[in-house]
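Structural features, examined
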Amino acid sequence: MAPEHKAQKLPTIHQLFGYTIGFSHLLDEIAIGVAVIGLDRKIVAMNQMLKLLTGFSQKESFGVPCRHILRSSLCVQNCPAFQINGKSGPKCIETDLISKDRQLIPIRITFALLKTNSGKIVGYLETVEDLRPLKKRESGSFEGYSFEHIVGKSPEMGKIFQILPSLAQSESSVLITGETGTGKDMVAETIHHTSDRAKGPFVKVNCGALPETLLESELFGHCKGAFTGAIENKAGRFQLAHNGTLYLTEIGDLPFSLQVKLLTFLDDKVIVPLGTTKEIVSDVRIIAATHRNLDQMVAEKRFRKDLMFRLNVIRLHLPPLRERQGDVRLLLDYFLNKISAQLGRKTPELSKRALKILLAYSYPGNVRELRNFIEYTVNICTDDKITPRHLPAYLTDPSQAAVVEVAPPATAGIAAESEKQRLARTGPDQPWPEIEKQMIIEALVKTGGRKSRAADFLGWSRSTLWRKMKQFGIRG
Amino acid sequence: MNATKILVPLHEDDVAPRFDLATEVLIVSKKGKTISKNKRIVALPRASAEQVCQLATTEGIDVVICGGIEETYYQYLIWKRIQVIDSVAGSSQSALKKFAAGDLQPGAIL
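Here the residue numbering is sequential within each chain, running from 1 through the sequence in written order. Throughout, the order in which chains and ligands are written sets their labels, letters from A for the former and numbers from 1 for the latter. Totals for whole chains, interfaces and linings use every residue, but because this is a predicted model, local features are given only for residues with pLDDT of at least 70 and side-chain atom pairs only at 80 or more, for both listing and counting. The basis for the side-chain values is all heavy atoms of the structure; hydrogens and waters are excluded.

**Some points on the overall build of chain A**
Helix and strand counts for chain A come out as 23 helices and 20 strands. Residue burial is assigned from relative accessible area. The probe radius is 1.4 Å, only protein chains are included, and a residue is buried under 20% of its type maximum, exposed over 50%, and partly exposed in between. Among the 476 residues that make up chain A, the fraction classed as buried is 46%. The contact rule is simple, with two residues in contact once any of their heavy atoms fall within 4.5 Å. Look at the contacts in chain A between residues 6 or more apart in sequence, and 61% of them connect residues 24 or more apart. Computed by Shrake-Rupley with a 1.4 Å probe, the accessible areas treat only the displayed protein chains as cover when residues are assessed. Total accessible area on chain A stands at roughly 24,400 Å², and carbon and sulfur atoms take up 54% of it. Helix and strand definitions here come from DSSP, where helices need a minimum of 4 consecutive H or I residues and strands a minimum of 2 consecutive E residues; each element is numbered from the N-terminal end.

See below:
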């Protein structure tokens, strides 16, 4: 195989420093495997690290087709040299190789073009990362009731945990919906980090945070002179997210004009920066999130139906904390341990009364609110035990509850009324049966004593209402 | 003199770089120092190391000449008394020629 290559010596670098340095020395200092490959896909140079991975030395690899040295699944099934061109950027793919000592090694390959100053393609640069330590860490970091950093043991979260791994392996767009604080950002990051694009960038853009004109330039980039103040070329977030994931949060706030541009990207995978007609190919996976009701926005013609359909390939709805049965207690313990460890403090214990208050609360701000409670509490509490006096005042002091914003009720009726309101009226120390009794009386008063309507109001069945009325001695 | 039956997983005309990803195998015999002209190429329904191993045992193969092979399959074939010459890089013809001449070693780059 190309015996003339065998006699070749590796070049030296003259102009980088005052002295001449060997190219192979430079390559050998790089901590990941590197191969320089010719246009004929034969190895021109490789470093020591790649030798350790593959088992083939630089000398014996010289002039050999790279597929025989690297022996990755990718080489055989989907050689990146055939997919990459002058327009596209580097390709980053997770795969595996079989080393000379017959080990199957998980690797991540980044394949880039080597060009002359005039842009002529002269070869390829391949970097190979050994993923064994990472995989070992991943398998060792398993925590019960969690996926990456998302914690939960409710059936609702179980369904999410089940779907996330397969979702991460897909290339489809994902639309994450859910109330504020339910963990949309965290889920988006998790999808990215567990996908084949994990090595690529995760770029987050808040569509509601910037005015329309700025957002367009931010997303798609601009050319020098495109508008007043555009003093240089600027790459947009789509370009920055090449080979990675672009997370568009608050997609419901994306201006109508930009919805068309996003639609074009989802169709053609190309973007056109402001002030130019040149199309740029961007290999980006889109994850969008919103707390708004996009279906309703489509009906009101505030969001494009076709964009909704394209984003809505996979929809993931994150349940609010009040619907995650059993998760509040788990999350309380999780954040108590985590935040105490961060602050270098001994984890305090929750007193029975404090726990009762925290469990009775409805968390309109969801997990974020719960985390904030714990962070506040751990900072305030200097004792070993957290008591109600360590909790935020509006949880324990009804007079302060009135100033707290109340989340919109999930369903009509008293049953969906915010716990904050209820606590404000009744006080946290009032036993639950008494609160329940009061709720029943209020419901009966509101519905003029009609039990079936009162049951609807409370979100109970008629028999539950009847049983509880009997229990509390309320005569209908 | 008994003929030696050889199996070579293929990738185009080369020895397949990966034993587990080959979708074609070449089966050929060697008598003395001569490779028989009767060659058989078996197309596999899908790439599978298990299937190549099974083919090697059912066909009564004596020698497997291949590229990268996982330790499990290597040991299995050895256990089945099949000689494995692995990490061979190059064309299948050159590999067979070298094998017939008694020169083919594991890790040979042709």
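**Some remarks on the pattern of salt bridges**
Residues and elements named next belong to chain A. Salt bridge, as used here, is a side-chain nitrogen of Lys or Arg placed within 4 Å of a carboxyl oxygen of Asp or Glu. Counting across every chain of the model gives 28 salt bridges over all chains. Between R389 and D383 there is a salt bridge whose closest N-O contact spans 3.0 Å. Residue classification places R389 among the exposed positions, given a relative accessible area of 62%. A relative accessible area of 37% means that D383 is categorised as partly exposed.

**Details of helix α15 (residues 327-342) of chain A**
Residues and elements named next belong to chain A. With 16 residues, α15 should reach 22 Å at 1.5 Å per residue; the first-to-last C-alpha distance of 22 Å fits that figure. If you check which residues of α15 are buried, you get D327, V328, L331, L332, Y334, F335, L336, I339 and S340. On the buried face of α15, the contacting elements are β9 (150-151), α8 (155-169), β19 (349-350), α16 (352-360), α17 (366-380) and β20 (385-386). Positive phi shows up at G344, right after α15, with a value of about 65 degrees. Working rule for helices: expected span equals 1.5 Å times residues minus one.

**With respect to the state of the cysteines**
Here a disulfide denotes one covalent bond, and it connects the sulfur atoms of two cysteines. Disulfides are defined as cysteine sulfur pairs within 2.5 Å. Tallied over the full model, the rule gives zero disulfides over all chains. No disulfide involves C79 of chain A; its sulfur sits 5.9 Å from that of C66 of chain A, the nearest cysteine.

**Things to note about the sheet that holds strand β4 (residues 43-46) of chain A**
Residues and elements named next belong to chain A. Overall, antiparallel pairing links the five strands, which are arranged β4-β3-β7-β6-β5 in an open sheet. The sheet is open, and its two edges are formed by β4 and β5 (91-98), each paired on a single side. With direction set aside, neighbouring strand axes in the sheet form an average angle of 30 degrees. Relative to strand β6 (residues 104-115), β5 runs antiparallel, the two sharing eight bridges. Of the residues in β6, the one forming a bridge with E94 is R108. At least two DSSP bridges between two strands are required for those strands to pair. Axis definition: a line fit to C-alpha positions, over the contact stretch in the case of helices; interaxial angles, taken between N-to-C directions, run 0 to 180 degrees.

**Re the interface of chain B and chain A**
If you look at the interface, chain B gives 20 residues, while chain A gives 20 residues. Accessible-area loss on putting two parts together, using a 1.4 Å probe and summing over both, is the definition of buried area adopted here. A combined buried area of about 1,800 Å² lies between chain B and chain A, and 57% of that area is made up of carbon and sulfur atoms. The largest per-residue losses of area from chain B upon contact with chain A belong to P17, R18 and I109 of chain B, which jointly make up 32% of the total buried on that side. At the junction of chain B with chain A, the criterion picks out four salt bridges. For R18 of chain B, the salt bridge goes to D96 of chain A, with nearest N and O atoms at 2.9 Å. For this analysis, a polar contact is any N or O atom pair within 3.5 Å, provided that within protein one partner can donate a hydrogen and the other can accept it, and provided that sequence-adjacent residues contribute only side-chain to side-chain pairs. There are nine residue pairs in polar contact (both at pLDDT 80 or more) connecting chain B and chain A. When residues of the side of chain B that touches chain A are traced back to their parent elements, those giving at least two are β2 (14-15) and α2 (71-79) of chain B. Looking at the side of chain B that touches chain A residue by residue, the classes come out as eight nonpolar, six polar and six charged. Under the scheme applied, nonpolar residues are Ala, Val, Leu, Ile, Met, Phe, Trp, Tyr, Cys and Pro; charged residues are Asp, Glu, Lys and Arg; polar residues are all the others, including Gly.

**Some thoughts on the packing of α15 of chain A against α16 of chain A**
All names here are of chain A. Remark: α15 packs on α16, axes separated minimally by 10 Å, with the N-to-C direction vectors making an angle of 125 degrees. Viewed along their axes, α15 and α16 adopt a mutual orientation that is oblique. The element α15 and its partner α16 pack so that their crossing is right-handed. Here V328, R329 and L332 of α15 lie close against α16, whose contacting residues are L355, L358 and L359. With respect to orientation, any angle under 35 degrees is reported as roughly parallel, any angle over 145 as roughly antiparallel, any angle of 65 to 115 as roughly perpendicular, and every other angle as oblique. Two helices that cross are described as forming a left-handed crossing if the nearer one is turned anticlockwise from the farther one by less than a right angle, and a right-handed crossing if clockwise.

**A closer look at the pairing of strand β1 (residues 4-11) of chain B**
All names here are of chain B. Most of β1 is tucked away, with six of its eight residues classed as buried. The pairing of β1 with strand β3 (residues 24-31) spans seven bridges and is antiparallel. Each residue of the ladder has a partner; that of K5, found in β3, is S29. Inspection of the sheet shows β1 paired to strand β6 (residues 63-65) by two bridges, in the parallel sense. In the strand pairing of β6, I6 is matched with V63. Alignment of β1 against β2, held across two bridges, turns out to be antiparallel. Looking at β2, one finds that H11 is bridged to D14.

**Some details on the nonpolar core**
Residues and elements named next belong to chain A. Take the buried Ala, Val, Leu, Ile, Met, Phe, Trp, Tyr and Cys residues and link them wherever side-chain atoms come within 4.5 Å; each set so joined is a nonpolar core. Formed by 29 residues in total, the largest nonpolar core has its most connected members in F238, L246, L248, I251, L262, I286 and F303. Of all the elements in the fold, those that place two or more residues in this core are β11 (202-206), α10 (212-220), β14 (245-249), α12 (256-268), β17 (285-290), α13 (294-299) and α14 (305-311). Broken down by element, the residue count for this core peaks at five residues, all from α12. Excluding its chain neighbours within four sequence positions, the residues that come into contact with I286 are S172, S173, V174, F238, L246, L248, L262, F265, L266 and L311. L321, A354, V367 and L395 belong to the second-largest nonpolar core, a separate cluster that totals 25 residues.

**With respect to the side chain of S48 of chain B**
Residue and element names in this part refer to chain B. Note on placement: S48 falls in the loop between β5 (40-43) and α1 (49-58). Look at S48 and you get buried, because its relative accessible area is 6%. Ignoring sequence-local partners within four residues, the contact set of S48 consists of D20 and A22.

**Here's the deal with a nonpolar patch on the surface**
Each patch is built from residues that are more than 30% exposed by relative accessible area and take part in no salt bridge. Like charges join if they lie within 9 Å; nonpolar side chains (Val, Leu, Ile, Met, Phe, Trp, Tyr) join within 5 Å. There is a patch of nonpolar side chains on the surface, built from L16, F17 and L26 of chain A and spanning about 290 Å² of accessible area. If you trace the backbone, F17 of chain A turns up in the loop between β1 (12-13) and β2 (21-22).

**Remarks on the packing of aromatic side chains**
A pair of aromatic rings is counted whenever rings of Phe, Tyr or Trp (Trp by its six-membered ring) have centres within 6.5 Å, and the orientation is called stacked for planes under 30 degrees apart, edge-to-face for over 60 and tilted otherwise. Summed over all chains, the structure comprises nine aromatic pairs over all chains. Ring geometry for Y363 of chain A against F373 of chain A: centres 5.7 Å apart, planes inclined by 55 degrees, an arrangement best described as tilted. With Y363 of chain A in the loop between α16 and α17 and F373 of chain A in helix α17, this residue pair connects regions lying ten residues apart in the sequence. Residue classification places F373 of chain A among the buried positions, given a relative accessible area of 3%. Whether a charge sits over a ring comes down to the Lys NZ or Arg CZ being within 6 Å of the ring centre and within 35 degrees of the ring normal. Its guanidinium or amino end placed over the ring of F220 of chain A, K261 of chain A lies 4.6 Å from that ring's centre, counting from NZ or CZ. When the ring centre of F99 of chain B is taken as origin, the NZ or CZ atom of K30 of chain B, which lies over that ring, is 5.3 Å away.

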